[in-house]
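What follows is the residue order along each chain.
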Amino acid sequence: DIDDVGHKYHLELVLEDVLDKDSTVNCTAEVLYHLGNKNLPPDVQFTIEGELKNADEADNIFYNQIKSLEKELVAENIPDSHGNVPPEMEPIRLLAWVASGYVIWQNSTENTKFQLAQIKHVKQVKRSDEYLEFDYRILLHEMVSQEIIPWQMTVLWHPQHSVQVTQDSRQPKHASE
Amino acid sequence: DQVLHIVPETFQQVQHLQHLCSTLLLDLWKPLLPEDIWAGEDLHIRVPAPLVQDVKDSLDQHMISYKVLIPDVQELVDQSTPRERSSHRQVPEGYVYTQYHSMEEIYQWMTQIQKSNSELVTQHYLGKTIENRTMYYLKISQPSDRTKKIIWMDCGIHAREWISPAFCQWFVKEILQNYKSDPKISRFLQNLDLYILPVLNIDGYIYSWEKASSENPGTRLKDRLWRKNRSPHMNGTCYGTDLNRNFNSSWGSIGVSYNCSSEIFCGSGPESEPETRAVAQFIERKKSDILCYLTIHSYGQYILTPYGSTTKPPSNSEELMYVAKKAAAALMGKYGTSYEVGPTSLILYKNSGSSRDWAHMIGIPFSYTFELRDKGTHGFVLPHDQIQPTCEETM
């Protein structure tokens, strides 16, 4: 408890590589939830002990696959109702997962627990530069209220640059249809 | 027929092999096409029995070395073909437990299960849903002269948690397939009766399977992530009560919404929903014989003990925790999946009106909520290839 400021949590956690479960790295973090003003996202400071595994090869394969498409990519319902994800859509799903992490962070309080539930729709946006741009409509699941919240996010990415969410907005409940 | 393994060493050898394959129309197992045969790369060819000697002679002539990978293809085929197993008479042939099933299929399955296992299983009427569908439970009981204690398990109280009804079906299959051969299960059934409700929230489950109307009716579902039942409110402008907030356990006090548009709407009053009443009335009647109440949900990987409505521990909390921890350890022993154990109010969130709290409050000593796989990676939309490991470890 920090008087007049908020609640600070000190965390020790282990990060696990989604693509290689044996590859782990320790991490320490401090999260500060601000008192009162519910519109301020929590402050996060973190230190990673060691290095994250290099994903250049997988990044470049995905990048080139998208670049070589004749038409802009469009897809729906990832995963589908039975939990299936076509293999070529797996990087699209992972990208959404990373990007949704940012949206979740920006909208978290001490009383929320968000997860990405599903990608309802994703559309690639044509760009004149080397970046890839995707317009996602996702569904977030909030554990405490059990609500399914539709959200729109625009994601920018390039193998040598980190993922950016350039625009995001919460959608009205029936926007997912 | 034989399958030969060859690693061509030179370009001439590659050419000869390609020639052999195309003139004799040999069956290439690896690679798929003759033009993909490369020097230094594995080659697997199936050679029909009458041609085996000729092919081997030709390879010898061209100094191409080979190994016999499969000496008799037919034998291998015979070995891997499932035989007619009479011991599986009890379970509907062809019912795929590793796929998710529609309610119609589950109704048929229940009928079939009772038919093929009539000495052990009976199907019973429990009540009706708000949309007037019939709720059935299965009673698994070994005939005996004494009354046995009861374990009740319900699945599918929340529509989107598809792995839950899948688990109930799996559970029944496992018991029926193994009760004669597995000493643990047969001892179990000597002393206990099992009551299984495969889908509690039938209307909600069906709704989560409903196809989107117009374009591409094949794959699109209208609302796969529906949670509540389908009771209409506000003149049909809003639907659904959260059945797990509708029981008479500190109803409406915490962790709920009084607004129909919320996912945790607790209904117009305790037991306002017919589905809740059907379950509650039955359990109330039988409560002196019920030893354990289990309700299966997803996701999160938790074994939750009472209470959600308060942090005050239940009277037998030590015992409850002991059993739950044993269960979690056994579960982890199968595939390493870790489950957190404890009271809902402490490890998850506060909520009132849950069926598990209510069961304990009316005197059922062991009352647990299981939240099955996973931890959020797939959440409610768990891929069907996880049905088997999830069910096996939970079993």
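Scoring rules and cut-offs
Residues numbered from 1 in each chain as written. Chains lettered and ligands numbered in written order. Predicted model: local features only at pLDDT ≥ 70, side-chain atom pairs only at ≥ 80, totals over all residues. Heavy atoms only, no water. UniProt positions renumbered as here; feature names shortened; annotations may be inferred. Contact = heavy atoms within 4.5 Å. Buried area = accessible area lost by both parts, 1.4 Å probe. Salt bridge = Lys/Arg side-chain N within 4 Å of Asp/Glu carboxyl O. Polar contact = N/O pair within 3.5 Å; in protein donor to acceptor, adjacent residues only side chain to side chain. pLDDT = per-residue confidence, 0-100. Pairing = 2+ DSSP bridges. Helix = DSSP H or I, 4+ residues; strand = E, 2+ residues; numbered from the N terminus. Axes fitted to C-alpha atoms, helices over the stretch in contact; angles between N-to-C directions. Domains from an automatic or database assignment.

Under an unreviewed UniProt entry, chain B has the name Carboxypeptidase O and belongs to Mesembrinibis cayennensis. Chain B has a UniProt comment under Subcellular location (unreviewed entry) that states "Apical cell membrane". Under Cofactor (unreviewed entry), UniProt gives the following word-for-word description of chain B: "Zn(2+)".

An unreviewed UniProt entry lists chain A under the name LXN protein, with Mesembrinibis cayennensis as the source organism.

### Some words on the interface of chain B and chain A
When the parts come together, some accessible area is lost, and that loss is often what is quoted as the size of the interface. Counting from both sides, the interface comprises 25 residues of chain B and, opposite them, 26 residues of chain A. Taken together, both faces of the contact between chain B and chain A bury some 2,200 Å²; the carbon and sulfur share is 50%. If you look at where chain B meets chain A, you find zero salt bridges. The tally of links between chain B and chain A comes to nine residue pairs in polar contact (both at pLDDT 80 or more).

### So, the confidence of the model for chain B
The predicted model of chain B averages 90 in pLDDT, with 93% of residues at 70 or higher. Interface confidence in the predicted complex, given as ipTM, is 0.73; pTM for the same model is 0.75.

### Observations concerning the sheet that holds strand β1 (residues 2-6) of chain B
In any sheet, the strands associate via hydrogen bonds between backbone groups, in a parallel or an antiparallel arrangement. All names here are of chain B. Pairing in this open sheet of four strands is antiparallel, and the strands run β2-β3-β1-β4 from one edge to the other. The outermost strands of the open sheet, each flanked by one partner alone, are β2 (27-30) and β4 (66-70). Strand-to-strand twist in this sheet, taken as the mean axis angle between neighbours without regard to direction, amounts to 35°. Two elements, β1 and strand β3 (residues 43-47), share five bridges in a ladder whose sense is antiparallel. Within the sheet, the bridge partner assigned to Val3 lies in β3 and is Arg46. Across the sheet, helix α2 (residues 52-61) touches β1, β3 and β4, and the angle it forms with β1 is around 15°.

### Some thoughts on the domain arrangement of chain A
Residues and elements named next belong to chain A. According to the domain assignment, chain A consists of domain 1 (1-53) and domain 2 (54-176). Computed from C-alpha coordinates alone, the two centres of domain 1 and domain 2 are separated by 22 Å. Of the residues lining the interface, 11 residues belong to domain 1; the matching set on domain 2 comes to nine residues. Of the roughly 910 Å² buried where domain 1 meets domain 2, counting both sides, 60% is carbon and sulfur surface. For the pair domain 1 and domain 2, the number of links is four residue pairs in polar contact (both at pLDDT 80 or more).

### Points about unusual backbone geometry
A negative phi angle is the norm for most residues apart from glycine, just as the trans form is the norm for most peptide bonds. Cis rather than trans, the peptide bond between Ile78 of chain A and Pro79 of chain A has omega equal to -5°. Along the chain, the position of Pro79 of chain A falls in the loop between β4 (74-78) and α2 (90-106). With omega at 0°, the peptide bond leading from Pro306 of chain B into Tyr307 of chain B counts as cis. Despite not being glycine, Glu271 of chain B shows a phi value in the positive range, around 60°.

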